[in-house]
Amino acid sequence: MAAPYELIYYTGVPGRGEHVRLILEEAGAPYTDTRPLPMDKCREIVTHYLSGEEQGNPPYYAPPLFKHGDLLISQTSNILMYLGPKLGLAGSRENDIYRVNALALTALDGLSNEVHDCHHPIVSELYYEDQKEESLRRSKEWVKHRLPKHLGYWEKVLKSEDRGQGPWLLRSTFTYADLVLFQASSPITVSTCRPCLDGVQFAFPKAMKQARESGKYDSVFQLWKDVKARPNIAAYLDSDRRQKYDWGIYRYYPDNDVLPE
Ligand SMILES: N[C@@H](CCC(=O)N[C@@H](CS)C(=O)NCC(=O)O)C(=O)O
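Owing to the predicted nature of the structure, the values given are computational and were not obtained by experimental measurement. Position numbers for residues start from 1 in each chain and track the written sequence from start to end. Under the rules for a predicted model, residues below a pLDDT of 70 receive no local features and side-chain atom pairs below 80 are neither given nor counted, while totals for whole chains, interfaces and linings still include all residues. In computing side-chain properties, one takes all heavy atoms of the structure into account and sets aside hydrogens as well as water.

A short note on the domain arrangement of the protein
For the protein, the assigned domains are domain 1 (5–86) and domain 2 (96–256). The distance between the C-alpha centroids of domain 1 and domain 2 comes to 22 Å. At the junction of the two partners, domain 1 supplies 25 residues and domain 2 supplies 27 residues. Accessible area, probed at 1.4 Å, shrinks when two parts are joined; the buried area is that loss added up over both. Buried area between domain 1 and domain 2, both sides added, is near 2,300 Å², and the carbon and sulfur share of it is 64%. Salt bridge, as used here, is a side-chain nitrogen of Lys or Arg placed within 4 Å of a carboxyl oxygen of Asp or Glu. For the pair domain 1 and domain 2, the interface holds three salt bridges. Pairing of N or O atoms within 3.5 Å defines a polar contact, subject to two protein rules: one partner must be a possible hydrogen donor and the other a possible acceptor, and residues neighboring in sequence count only if both atoms are side-chain atoms. Applying the counting criterion to the domain 1 and domain 2 interface returns nine residue pairs in polar contact (both at pLDDT 80 or more). Delimitation of the domains relies on an automatic or database domain assignment. Contacts were defined at the residue level, with two residues in contact if any of their heavy atoms lie within 4.5 Å.

Written out as structure tokens, the structure reads:
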């Protein structure tokens, strides 16, 4: 029997583990997930796997972790790069995996890590409340400079001649890069806590609404809609497996919900 796919991550927020869930859900691949376990149990399991006691694997730094048979790996983009070719979601041409990985890394850098650093600009170990002033300053500068830069970049990718008629980042071939961009950038409504360019729209609803209504990034928002409408993704988003944003990478702090000045 083939080894199961095992996602090891914290519970209670989609977090970085969500990118791994989305690729598995899109492919309809069975997997186990620590999500339904209580947080204490999740921490215990994560700590065990980070310890380096898993034979043949080094100690890793942080979750998400992914286990497949004897192989234990970390780093979101690395896990996606492992799964992409196995699940047929890494492109169809020679070397597409590197194109897909570049796009996924760019989305994770700009629309995930940078957004996290808006609520924790000094250090993750301090509470948001202990770095509020810096967080507001960073958020203002981020929506002014970085948000348009990132959305403009993705609009350029989606408008590039090479992409032809699309509808996906790599022409007509759906890849996990589309899923990563969706998750980082899906439009959310704060009231229902559904994922924002999902994450970014959750954290900065005012700035994202303004960006959406500007008409400058229509291709980006169209991609979000197209990914959301894929049957397996739509079913997953409607299921109780899809967790709400709360204390993870994407957080809504009213003070930080600013428009570009
Ligand atoms: N680049 C890594 C970042 C991993 C990461 O920061 N994980 C968080 C949880 S989502 C964590 O536990 N960080 C601990 C730390 O940075 O000290 C990835 O994408 O997997």
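Some details on the site of the ligand
Working definition: residue near molecule or strand if any one of its non-hydrogen atoms lies within 4 Å of it. Surrounding the ligand, one finds Tyr9, Arg16, Tyr61, Ala62, Pro63, Pro64, Gln75 and Thr76. Here an oxygen atom of the ligand sits 3.3 Å away from a polar atom, N or O, in the side chain of Arg16. One nitrogen or oxygen atom from the side chain of Thr76 is found 2.8 Å from an oxygen atom belonging to the ligand. The fraction of the free accessible surface of the ligand (500 Å²) that becomes covered by protein chains is 67%. Gly is placed with the polar residues, together with every amino acid not listed as nonpolar (Ala, Val, Leu, Ile, Met, Phe, Trp, Tyr, Cys and Pro) or charged (Asp, Glu, Lys and Arg). Per-class residue counts for the shell around the ligand are five nonpolar, two polar and one charged. Each accessible area is a Shrake-Rupley result for a 1.4 Å probe, and residues are judged covered by the shown protein chains and nothing else.

Concerning the packing of aromatic side chains
Here a pair means two rings of Phe, Tyr or Trp (six-membered ring of Trp) with centres within 6.5 Å. Their orientation is stacked below 30 degrees between planes, edge-to-face above 60, and tilted elsewhere. According to the stated counting rule, one finds ten aromatic pairs in the structure shown. Where Tyr5 meets Phe66, the ring centres are 5.7 Å apart and the plane angle is 35°; that geometry is what we call tilted. With Tyr5 in strand 1 (residues 5–8) and Phe66 in strand 3 (residues 65–68), this pair connects stretches of sequence that are 61 residues apart. We note that Tyr5, like Phe66, is buried. Pairing Tyr245 with Tyr250 gives two aromatic rings, centres 5.5 Å apart and planes at 85°, and the pair type is edge-to-face. Like Tyr250, Tyr245 is buried. Cluster of aromatic residues (ring-pair linked, three or more members): Phe202, Tyr245, Tyr250 and Tyr252. Sitting over the ring of Phe221, Arg212 keeps its end group 5.9 Å from the ring centre. Above the ring of Phe174, the side-chain terminus of Arg230 is found at 3.6 Å from the ring centroid. Only DSSP runs of H or I covering at least 4 residues are called helices, and only runs of E covering at least 2 are called strands; the numbering of each starts at the N terminus. Throughout, exposure labels follow a simple rule: accessible area from a 1.4 Å probe, protein chains only, divided by the maximum for the residue type, with under 20% read as buried, over 50% as exposed, and the rest as partly exposed. Cation placement over rings: the criterion is NZ of Lys or CZ of Arg within 6 Å of the ring centroid and within 35° of the ring normal.

As for the pairing of strand 1
Paired strands, in this sense, are two strands between which DSSP finds at least two bridges. By the bridge criterion, three bridges tie strand 1 to strand 2 (residues 31–33) in an arrangement that is parallel. The partner of Leu7 across the bridge, within strand 2, is Asp33. Whether a crossover is right-handed depends on one test, that the path from the first strand over the helix to the second runs clockwise when the strands point away from the viewer. Note on the crossover from strand 1 through helix 1 (residues 17–27) to strand 2: the handedness is right-handed. In this sheet, strand 3 lies alongside strand 1 in antiparallel orientation, the contact comprising four bridges. Paired with Tyr5 across the two strands is His68, which belongs to strand 3.

A short note on unusual backbone geometry
Negative phi values dominate among residues other than glycine, just as trans dominates among peptide bonds. A cis amide bond links Pro63 to the next residue, Pro64, at an omega of 10°. Its location among the elements puts Pro64 in the loop between helix 2 (39–50) and strand 3. The phi dihedral of Gln75 falls on the positive side, at around 75°, and the residue is not glycine. Within the secondary structure, Gln75 sits in the loop between strand 4 (71–74) and helix 3 (76–86). Take Gln75: its relative accessible area is 55%, and that puts it in the exposed class. We note that Arg171 has phi near 55°; this positive angle belongs to a residue other than glycine. By secondary structure assignment, the location of Arg171 is in the loop between helix 5 (132–159) and helix 6 (176–185).

Regarding the confidence of the model for the protein
As a note on interpretation, predicted positions should not be read in detail where pLDDT is low. Residues of the protein with pLDDT of at least 70 account for 95%, and the chain-wide mean is 92. Each residue carries a pLDDT value, the predictor's own confidence for that position, ranging from 0 to 100. Predicted confidence for residues 187–196 stays below pLDDT 50, and this span has 40 contacts to residues more than four positions away or in other chains.

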